[in-house]
Amino acid sequence: MHAGHPMWGRVVCAVGNALSRGDPSDLIVRLGGHVVFRGKPVPVPAEKLAAAMAEDPIRVHVRLSLGEGRALIRTCDIDHKYI
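As a starting point, this report considers the structure included with it. (Residues numbered from 1 in each chain as written. Predicted model: local features only at pLDDT ≥ 70, side-chain atom pairs only at ≥ 80, totals over all residues. Heavy atoms only, no water.)

Inspection of every chain in the model, using the stated rule, returns one aromatic pair. Ring geometry for Trp 8 and Phe 37: centres 6.2 Å apart, planes at 45 degrees, overall tilted. Here Trp 8, found in helix 1 (residues 8–18), pairs with Phe 37, found in strand 2 (residues 34–38); they are 29 residues apart in sequence, far enough to count as distant. (Phe/Tyr/Trp six-rings, centres within 6.5 Å; stacked < 30°, edge-to-face > 60°. Helix = DSSP H or I, 4+ residues; strand = E, 2+ residues; numbered from the N terminus.)

Turning next to the nonpolar core. Residues Val 11, Val 12, Val 15, Leu 27, Val 29, Leu 31, Val 36, Phe 37, Val 44, Leu 49, Ala 52 and Met 53 constitute the largest nonpolar core, which totals twelve residues. Discounting chain neighbours no more than four positions away, the residues touching Phe 37 are Trp 8, Val 12, Pro 24, Leu 27, Ile 28, Val 29 and Val 42. (Core = buried A, V, L, I, M, F, W, Y, C linked by side-chain atoms within 4.5 Å. Buried < 20%, exposed > 50% of the residue type's maximum accessible area, 1.4 Å probe, protein only. Contact = heavy atoms within 4.5 Å.)

Right, let's get into the sheet that holds strand 1 (residues 28–31). If you trace the three strands from one edge of the open sheet to the other, you get 2-1-3, paired in antiparallel fashion. Strand pairing shows two members of the sheet lacking a second neighbour, strand 2 and strand 3 (60–63), which therefore form its edges. Taking each pair of neighbouring strands and ignoring which way they run, the sheet shows an average axis angle of 20 degrees. (Pairing = 2+ DSSP bridges. Axes fitted to C-alpha atoms, helices over the stretch in contact; angles between N-to-C directions.)

Here it is, written out as structure tokens:
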């Protein structure tokens, strides 16, 4: 989420690499409430994604379609100035 770039493709890639089972075509990724991936990329206007990236907190929702279960992950946006 660094610098406010909506790089949802990295989320899809990381989830795909972590899945040991499941069908990637069942994967759904939302960024700020906008579906950006549903088995394949879904076009979303750039201004909507920019607005989603300006929210605090930035919400990313990933649906794996593997059954019941939920997880909440909290992280932070540490940039080069902080390090």
